[in-house]
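Summary of the model geometry
If you want the building blocks of each chain, they are given just below.
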Number of protein chains: 2
Amino acid sequence: MEVRVTSSGELERVISALESIVTPAQVLLQGHDDFEKYGSDETEDLVFLPDVVVRPETTEQVSEILKLCYRERVPVTPRGGGTGLSGGALPVHGGVVLSLERMNQILEIDKENFFARLQPGVITQIFQETVEAEGLFYPPDPASRGTCTIGGNLAEGAGGPRALKYGVTKDYVYGVEAVLPQGEIVRFGGKLLKDVVGYNLLGLLIGSEGTLAVITEATMKLIPLPRFRNTLLVPFNEMAAAARTVPAIMRRGIIPCAMEFMERACIKAIETHREMKVQHSDAAAQLLIEVDGNDEMQLEHEMEIIAEECDREGALGVYLAETTAKQNEIWEMRRSAGEAVKSISPYKEEDTVVPRARLPELVAGIHEIAARYEISIISYGHAGDGNIHCNILKRNLEDSYWKEVLPKAIEEIFRLAVHLGGTISGEHGIGYSQKRFLSIALGPTEIALLRRMKEAFDPLGLLNPGKIFSDS
Amino acid sequence: MEVRVTSSGELERVISALESIVTPAQVLLQGHDDFEKYGSDETEDLVFLPDVVVRPETTEQVSEILKLCYRERVPVTPRGGGTGLSGGALPVHGGVVLSLERMNQILEIDKENFFARLQPGVITQIFQETVEAEGLFYPPDPASRGTCTIGGNLAEGAGGPRALKYGVTKDYVYGVEAVLPQGEIVRFGGKLLKDVVGYNLLGLLIGSEGTLAVITEATMKLIPLPRFRNTLLVPFNEMAAAARTVPAIMRRGIIPCAMEFMERACIKAIETHREMKVQHSDAAAQLLIEVDGNDEMQLEHEMEIIAEECDREGALGVYLAETTAKQNEIWEMRRSAGEAVKSISPYKEEDTVVPRARLPELVAGIHEIAARYEISIISYGHAGDGNIHCNILKRNLEDSYWKEVLPKAIEEIFRLAVHLGGTISGEHGIGYSQKRFLSIALGPTEIALLRRMKEAFDPLGLLNPGKIFSDS
């Protein structure tokens, strides 16, 4: 699956052909004001410039572009909102960046069948707000929802805090239209809650990181919008106690829509970054617990049970957000955790996930690894899912030491997660930045099978090359 | 993917090798009392005898058996409970039937993480009752749950009445161990609510009808067991009114755990078959509506809303099952629908699915087709999912007429379902009996891609040959 470097003569031919498929205004070249943003996403400080950016507006244009690139043997990297955290949208072999940003229409909200059809370039939050205005609900809410797109969410298999109760992106995709690497348009599924016709290729495309096909339309399931929610902030003196509270609540028959966790250093970073004071900011960890539903009485009853279980595990207090404004404030605090922690110094963010009862062991183990390598790590994430984002911070380490120990520390963290029954990415993907670690999570037989899938879709390896699989 | 016929000399060598992989008691040959049952499942009256049946007890034995069959180029057909309705377990090319019935252990029920690990031969109902005794819940409940197995449910992507609220089998599978056609053992996923490492091959295996790999262990998600349920039976004078009630209830923010539908002729067949009287059995259609939850007050409130909506759509009455015994009676009635209808005469059962709001059009269209061909069709199924089982009955038709019109009528019904945005199977699979109709649901590009998947897993086409794809 080696990819050739594009020569400048070939490039001119490709650009001219692109300009005949779309309008010249949809083709961006080096020198254009917006061009450079297509060379990076939100993954650390990585930059790979493409040769050309094309922004199609129809499925047929996507198909023609892929046919052209296949014929000319030019790599193509699809791109959504550019908010990815594993480098999935980076054109690491140059070539064409295929941005879906102009395919941003919500095509239909079907209130009889509780489905929506939409194009990949729709911003996730806009989609959520549009369906909520109709009394419907699209639960998956990655932290970047204000700027990420549905297409990127599908490509990466995005998650978020509500996964515990409501599941992740893949649980809402019931139909796709997609363009294969050689330009053929395929359609699977529809507004159907049950469909067992042929293999589940729809499920295979979700989370395939733009390496198997370019999704050009999705049919997403909606559910009734819960009318009420209650949000609690619960500080604990011990990380382990916070973690034990999670299954204790679920054993009482309650599935909160979120159980988020922030450790002390994360809260401190938020206080500094946002110039605010958080209650009990010296507590070892805080849980943000949210319940939602349509019956206020029942929610109050659930909150009483949750408070009981928090008390039993030794919570320092159970603080209810009394108003919607206060709820939003708590969520803004939580959503700013990544930005606050990353503002401290250069960093590397990991996305480990374990069975949720093993969270205390994972967090303790991460701190033990940090201490041994004399590095700084700050964790926060989705306690209900066992999905922890740990940020390794450079702070004042020498460049040479940082470069030497970073991969060793990451490898140890990943081996620990796998040893605890977990894996190396819960919702960020493998992409470019994690591919060297893939073999920690999957054995050679599994990886060989993944490669056979890639070859069956993309025999020349032109679609989003340099991702998932290590080059060796 | 042509499969050779096994010669008798080869067969003897294979049998002797099988007897060295497992014990001789685990190998069954023609003449054994139990042998013939492996030649059929619950699909009409189809019978294809295998050359030999092997019943392994470990994953390693499954691996050795597949290696042997690959080496000897012998077809292998995996088999669960033998309750399939599309012929998926039929050894249509002879060879080896690989029965998973002896791998029937529930390996672990993890109450901290809400997951179970189990072998494929566990009977679905036994699994459900075992986890319910622990206060946990495994919702998917195909009508055959008393005899079907989890392995078969995974292979076929089984559904059932609770799919509307709780989803289908694939929504509960978070980890698998499987053996590939050449004998390699692979593992994907685990006790993880989020996992985006590599392609979603786990999702690809679920519903692949035993044609890509043999699943030898599954990790299944559990949820808290709802403590209360209420069951209603609601007769309507008009099929269309019954169908309109379904989205009307959901628009009120309620997702019942089941909304089942039976038309008049189905109720009449149940009355005859079970020698019982059903209230309002002359009504055009009856809905069976069930809600469940942990809060009795809330369920009562939901039932009031449901009754309101039923009234608004012109229900002839809303009858609550006052006791658990009465609830069970209603469900036994519903579960006996298939048997009751099929006892009337030879039949062919279809498993069409459409967006639920189009159900009235599907049912009306089916009756129009039936009238035009002068055949008898009785429908029942899952109104909440738009998934209708329509049984075409031979009654007193001449054999020659039946053989001539049956495929024409089925093709028209399938084209109607696809025209309404639906497909040809919601939960039974394509298998052997529906493969000639696959191209009604999927285009040539989609089918070509499915075939590439099959070839990537099974280049010699030895695992469950003669299924899904038509031979041409």
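How each quantity is defined
Residues numbered from 1 in each chain as written. Chains lettered and ligands numbered in written order. Predicted model: local features only at pLDDT ≥ 70, side-chain atom pairs only at ≥ 80, totals over all residues. Heavy atoms only, no water. Helix = DSSP H or I, 4+ residues; strand = E, 2+ residues; numbered from the N terminus. Rg over C-alpha atoms; globule rule 2.2 N^0.38 Å. Buried < 20%, exposed > 50% of the residue type's maximum accessible area, 1.4 Å probe, protein only. Contact = heavy atoms within 4.5 Å. Areas by Shrake-Rupley, 256 points an atom, 1.4 Å probe, with all protein chains shown as cover. Lys, Arg positive; Asp, Glu negative; His and termini not counted. Charge placed at Lys NZ, Arg CZ, Asp CG, Glu CD. Salt bridge = Lys/Arg side-chain N within 4 Å of Asp/Glu carboxyl O. Domains from an automatic or database assignment. Buried area = accessible area lost by both parts, 1.4 Å probe. Polar contact = N/O pair within 3.5 Å; in protein donor to acceptor, adjacent residues only side chain to side chain. Nonpolar A, V, L, I, M, F, W, Y, C, P; charged D, E, K, R; others polar. Expected span 1.5 Å × (residues − 1). Bend = angle between axes of the 7 residues up to and from the residue. Pairing = 2+ DSSP bridges. Axes fitted to C-alpha atoms, helices over the stretch in contact; angles between N-to-C directions. Least-squares fit on C-alpha atoms with pLDDT ≥ 70 in both. Core = buried A, V, L, I, M, F, W, Y, C linked by side-chain atoms within 4.5 Å. Phe/Tyr/Trp six-rings, centres within 6.5 Å; stacked < 30°, edge-to-face > 60°. Parallel < 35°, antiparallel > 145°, perpendicular 65-115°, else oblique. Left-handed = near helix turned anticlockwise from the far one by under 90°. Arc of directions from axis to C-beta.

1. Notes on the overall build of chain A
Assigned secondary structure in chain A consists of 15 helices and 18 strands. A compact globule built from 472 residues would reach a C-alpha radius of gyration of about 23 Å, and chain A, at 23 Å, matches this within 12%. Along the first, second and third principal axes, the C-alpha set of chain A runs to 70 × 60 × 45 Å. Expressed as a percentage of its 472 residues, the buried residues of chain A come to 63%. Sequence-distant contacts, at least 24 apart, represent 74% of the contacts inside chain A between residues at least 6 apart. Entry remark: accessible area of chain A is about 17100 Å², with carbon and sulfur atoms responsible for 48%. Each charge class in chain A was averaged separately, 48 positive and 69 negative side chains, and the resulting centres sit 3 Å apart.

2. Let's talk about the pattern of salt bridges
The final tally for this structure, using the stated rule, is 72 salt bridges over all chains. Between R102(A) and E57(A) there is a salt bridge, and its shortest N-O distance comes to 3.1 Å. Remark: E57(A) occurs in the loop between β2 (52–54) and α2 (59–72) and R102(A) occurs in the loop between β4 (96–99) and β5 (106–110); sequence separation between them is 45 residues. Measuring nitrogen to oxygen at the nearest pair gives 3.1 Å for the salt bridge that ties K326(B) to E329(B). Taken together, the residues K326(B) and E329(B), both in helix α10 (residues 324–335) and three residues apart, mark about one turn of the helix. Each member of the salt-bridge network shares a partner with another, and the members are E108(A), D110(A), R117(A), K191(A) and E217(A).

3. Re the domain arrangement of chain A
Residues and elements named next belong to chain A. The assigned domain composition of chain A is domain 1 (1–225 + 442–472), domain 2 (228–338) and domain 3 (345–441). Centre-to-centre, using C-alpha coordinates, domain 2 lies 24 Å away from domain 3. With 16 residues of domain 2 at the interface, the matching set in domain 3 holds 14 residues. Across the domain 2 to domain 3 interface the summed buried area is about 1300 Å²; carbon plus sulfur atoms make up 67%. Here domain 2 is connected to domain 3 by zero salt bridges. Where domain 2 packs against domain 3, one counts six residue pairs in polar contact (both at pLDDT 80 or more). Elements represented by at least two residues in the side of domain 2 that touches domain 3 include exactly α7 (239–251), β13 (258–263), α8 (264–274) and α11 (337–342). Counted by class, the side of domain 2 that touches domain 3 contains 12 nonpolar, one polar and three charged residues.

4. Describing helix α13 (residues 399–419) of chain B
Residue and element names in this part refer to chain B. The terminal C-alpha atoms of α13, which comprises 21 residues, lie 30 Å apart, in line with the 30 Å expected from a rise of 1.5 Å per residue. For α13, the principal kink sits at V405 and spans about 30 degrees; a proline, P407, occurs within the next four residues. Along α13, the positions that sit buried rather than exposed are W402, V405, L406, A409, I410, I413, F414, L416 and A417. Where the residues of α13 are buried, they touch β16 (347–353), α12 (359–373), β17 (376–382), β18 (387–393) and α14 (438–441). Backbone geometry just downstream of α13 places G421 in the positive-phi region, at approximately 85 degrees.

5. As for the interface of chain A and chain B
Of the residues lining the interface, 83 residues belong to chain A; the matching set on chain B comes to 83 residues. In terms of surface lost to chain B, no three residues of chain A exceed K194(A), V196(A) and Y199(A), which account for 15% of the buried area on that side. Applying the counting criterion to the chain A and chain B interface returns 26 residue pairs in polar contact (both at pLDDT 80 or more). At the level of secondary structure, the elements contributing two or more residues to the side of chain A that touches chain B comprise α5 (163–166), β9 (185–189), α6 (201–205), β11 (223–224), α7, α9 (296–312), α14 (438–441) and α15 (444–457) of chain A. At nine residues, the largest contribution of residues to the side of chain A that touches chain B is made by α15(A). Taken together, the residues of the side of chain A that touches chain B sort by class into 38 nonpolar, 25 polar and 20 charged.

6. A word on the sheet that holds strand β17 (residues 376–382) of chain A
The strands that make up a sheet pair up through hydrogen bonds in the backbone, lying either parallel or antiparallel. All names here are of chain A. Here seven strands make up an open sheet; going across it, the order is β15-β12-β14-β13-β17-β18-β16 and the pairing antiparallel. Each edge of the open sheet is held by one strand with a lone partner, namely β15 (319–320) and β16 (347–353). Of the pairings in the sheet, the one linking β17 to strand β18 (residues 387–393) comprises seven bridges and is antiparallel in character. Its bridge partner being in β18, H382 is matched across the sheet by N387. Against the sheet, α7 engages β12 (228–236), β13 and β14 (285–293), with an angle of about 20 degrees to β14.

7. Some details on the environment of E427(B)
Locating E427(B) in the fold gives a position in the loop between α13 and α14. Under the relative-accessibility criterion, E427(B) is labelled buried at 10%. Considered as a pair, E427(B) and L320(B) are 107 residues apart in the sequence and their alpha carbons are 29 Å apart. Residues within four places of E427(B) in sequence aside, it is in contact with K194(A), V196(A), E156(B), G157(B), A158(B), G159(B), G160(B), D351(B), H382(B), N387(B) and H389(B). Within the structure, the side chain of E427(B) is placed 2.8 Å from the side chain of K194(A), a separation counted as a polar contact.

8. Regarding the relation of the copies chain A and chain B
Note on the identical chains: chain A maps onto chain B by a rotation of 180 degrees and an axial translation of 0.0 Å, with an RMSD of 0.0 Å. One copy is carried onto the other by what is essentially a two-fold rotation axis. Looking at the interface residues of chain A, 100% of them are also at the interface in chain B, so both copies use one shared face.

9. Some thoughts on the nonpolar core
In this structure, F127(A), L204(A), F127(B) and L204(B) are the most contacted members of the largest nonpolar core, which totals 200 residues. Aside from chain neighbours lying at most four places away, what touches L204(B) is Y199(A), N200(A), L201(A), L204(A), M453(A), L212(B), M453(B) and F457(B).

10. Quick notes on the side chain of T219(B)
With respect to the helices and strands, the residue T219(B) is situated in strand β10 (residues 214–221). Excluding residues within four positions of it along the chain, T219(B) makes contact with F115(B), A116(B), R117(B), Y172(B), V173(B), Y174(B), G175(B), G190(B) and K191(B).

11. Details of the packing of aromatic side chains
Residues and elements named next belong to chain B. Overall, the coordinates contain 14 aromatic pairs over all chains when judged by the stated rule. Look at F48 and Y432: their rings are 5.1 Å apart centre to centre, the planes differ by 75 degrees, and that puts the pair in the edge-to-face class. With F48 in the loop between β1 (27–28) and β2 (52–54) and Y432 in the loop between α13 and α14, the pair connects residues that are 384 residues apart, well separated along the chain. Looking at F48, the relative accessible area reads 21%, which means it is partly exposed. Classification of Y432 by relative accessible area gives partly exposed; the value is 26%. The interplanar angle of 50 degrees and the centroid separation of 5.0 Å between the aromatic rings of F127 and Y138 together place this pair among those described as tilted. Placement of F127 in helix α3 (residues 124–132) and of Y138 in the loop between β7 (136–137) and α4 (150–156) is noted, with a sequence separation of 11 residues between them.

12. Observations concerning the packing of helix α1 (residues 8–21) of chain A against α2(A)
Residues and elements named next belong to chain A. Interaxial distance between α1 and α2 falls to 10 Å at its minimum, and their mutual angle equals 160 degrees. If you check the angle between α1 and α2, you find them roughly antiparallel. For the pair α1 and α2, the sense of crossing is right-handed. Contacts between α1 and α2 involve R13, V14, A17, L18 and I21 from the former and Q61, E64, I65, L68 and E72 from the latter. A per-class count over the contact of α1 with α2 returns six nonpolar, one polar and three charged.

13. Some details on helix α10 (residues 324–335) of chain A
An α-helix turns once every 3.6 residues. As a result, residues three or four positions apart point the same way. All names here are of chain A. Over its 12 residues, α10 runs 16 Å from end to end, which matches the ideal 16 Å to within 8%, given 1.5 Å per residue. For α10, every residue scored as buried is listed here: Q327, I330, W331, M333 and R334. Burial along α10 is one-sided: seen end-on, the buried residues are contained in an arc of 155 degrees. Exposed residues lying more than 90 degrees from the buried face of α10 are T324 and A325. On its buried side, α10 packs onto β12, β13, α8, β14, α11 and β17.

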